[in-house]
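One letter stands for each residue in the lines below.
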Amino acid sequence: AHGTFPDYCLVIPCANPLGLTYGRRYGDKDIYEEMQASLKRLAEVYSPRLVLDLHEDDEAEEAGAYLYHHGSNTFLPELLLLRWRNAGLRVIVNDADTRFAERIWNGVIHNPPDGSIDAWLHDNCGAEVLVTETPSKLWPKKTRIRAQDIALSCIPELWRLCAH
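This structure is a prediction, so every number in the text was calculated from the model and none was measured.

Asker: Explain the packing of aromatic side chains to me, using residue names and the numbers behind them.
Answerer: By the definition in use, this model includes 1 aromatic pair. Measuring from ring centre to ring centre gives 6.1 Å for Tyr 66 and Tyr 68, while their planes differ by 55°; the resulting arrangement is tilted. Each member of the pair, Tyr 66 together with Tyr 68, is buried.

Asker: Tell me about the pattern of salt bridges, and please be specific about residues and values.
Answerer: Opposite charge on two side chains permits them to pair, given that their charged atoms come into close proximity. According to the stated counting rule, one finds 3 salt bridges in the structure shown. In this structure, Glu 56 engages Arg 144 in a salt bridge whose closest nitrogen and oxygen atoms are separated by 2.5 Å. Separated by 88 residues along the polypeptide, Glu 56 in strand β1 (residues 50–57) and Arg 144 in helix α5 (residues 141–153) bring together distant segments of the chain. We classify Glu 56 as partly exposed; its relative accessible area is 36%. Residue class for Arg 144 comes out buried when judged on its relative accessible area of 11%. Linking Arg 83 and Glu 157 is a salt bridge whose minimum nitrogen-to-oxygen distance equals 2.8 Å. Taken together, the residues span a long stretch of sequence, with Arg 83 in helix α3 (residues 75–86) and Glu 157 in helix α6 (residues 155–162) at a distance of 74 residues.

Asker: An account of the environment of Ala 60 is requested, with residue identities and associated values reported.
Answerer: Structurally, Ala 60 is set in the loop between β1 and β2 (66–70). Assessed through its relative accessible area of 18%, Ala 60 is described here as buried. Spatially, the C-alpha atoms of Ala 60 and Arg 99 are 8.9 Å apart, while their sequence positions differ by 39 residues. Dropping the residues within four chain positions of it, Ala 60 is found in contact with Arg 99, Pro 135 and Leu 138.

Asker: Could you give an account of unusual backbone geometry, naming the residues involved and the relevant values?
Answerer: For residues that are not glycine, phi is negative in most cases, and the peptide bond is trans in most cases. A positive phi angle, close to 40°, is found at Ser 47, a residue other than glycine. Relative to the helices and strands, Ser 47 is located in the loop between α2 (29–46) and β1. Residues other than glycine seldom take positive phi values, yet Asn 111 does so here, at roughly 45°. Looking at the secondary structure, you find Asn 111 in the loop between β3 (108–110) and α4 (117–125).

Asker: Describe the side chain of Gln 148, with residues and values.
Answerer: Following the sequence through the fold, Gln 148 ends up in helix α5. When its relative accessible area of 10% is taken as the criterion, Gln 148 is described as buried. Once you skip the residues sitting within four places of it in the chain, Gln 148 turns out to touch Leu 54, His 55, Thr 132 and Thr 134.

Asker: Can you lay out the nonpolar core for me, pointing to particular residues and giving the numbers?
Answerer: Core analysis: the biggest nonpolar cluster contains 20 residues, and Leu 50, Leu 80, Leu 81, Trp 84, Leu 89 and Leu 158 have the highest contact counts within it. Breaking this core down by element, the ones donating at least two residues are α3, α5 and α6. With 5 residues, the single largest contributor to this core is α3. With residues up to four places along the chain from it excluded, the contact list for Leu 50 reads Leu 76, Glu 128, Ile 155, Leu 158, Trp 159 and Cys 162. With 16 residues, the next largest nonpolar core counts Tyr 68, Ile 92, Leu 121 and Val 131 among its residues.

Asker: I'd like a rundown of the sheet that holds β3, residues and numbers included.
Answerer: The mixed open sheet is built from 4 strands, whose spatial order is β1-β4-β2-β3. In the strand order of this sheet, the two ends are held by β1 and β3, each with one partner. Between one strand axis and the next, the sheet turns by 20° as a mean value, whatever way the strands run. Pairing between β2 and β3: 3 bridges, direction parallel.

What counts, and at which threshold
Residues numbered from 1 in each chain as written. Predicted model: local features only at pLDDT ≥ 70, side-chain atom pairs only at ≥ 80, totals over all residues. Heavy atoms only, no water. Phe/Tyr/Trp six-rings, centres within 6.5 Å; stacked < 30°, edge-to-face > 60°. Buried < 20%, exposed > 50% of the residue type's maximum accessible area, 1.4 Å probe, protein only. Salt bridge = Lys/Arg side-chain N within 4 Å of Asp/Glu carboxyl O. Helix = DSSP H or I, 4+ residues; strand = E, 2+ residues; numbered from the N terminus. Contact = heavy atoms within 4.5 Å. Core = buried A, V, L, I, M, F, W, Y, C linked by side-chain atoms within 4.5 Å. Pairing = 2+ DSSP bridges. Axes fitted to C-alpha atoms, helices over the stretch in contact; angles between N-to-C directions.

Laid out in structure tokens, this is it:
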């Protein structure tokens, strides 16, 4: 059940350890598919309402952060973008298509049909999903950690917004 925070909060600190180790998102296809299947099984047990997926964009061409949002509650990405801006972090406002032919509008790529685990969590569990993207080659590590820390600090307020 979706209760008051923190009724339950499941944290997966690193769903892609090979990506973290080697500094890239995709690697061994079998391991990647196994990771996706494990996350789906976990979601079927815990049925998430809010998912915050912390990513780094290792192919970013612009030194700014942006979000993917799979869901309909537009207050969620607005809150996180506001917190980043208030902290002096640059947010990509509008951009040409990404390398995946997705358009960033006001810092957000809305509901892309990308076949990701994030889209699956929204489509199959009804979760509101925010995926942070920080430019790993264009921002120093300290700045990227700060951006992700800000995202994590928003969880209680995102949870409250998600409940309504």
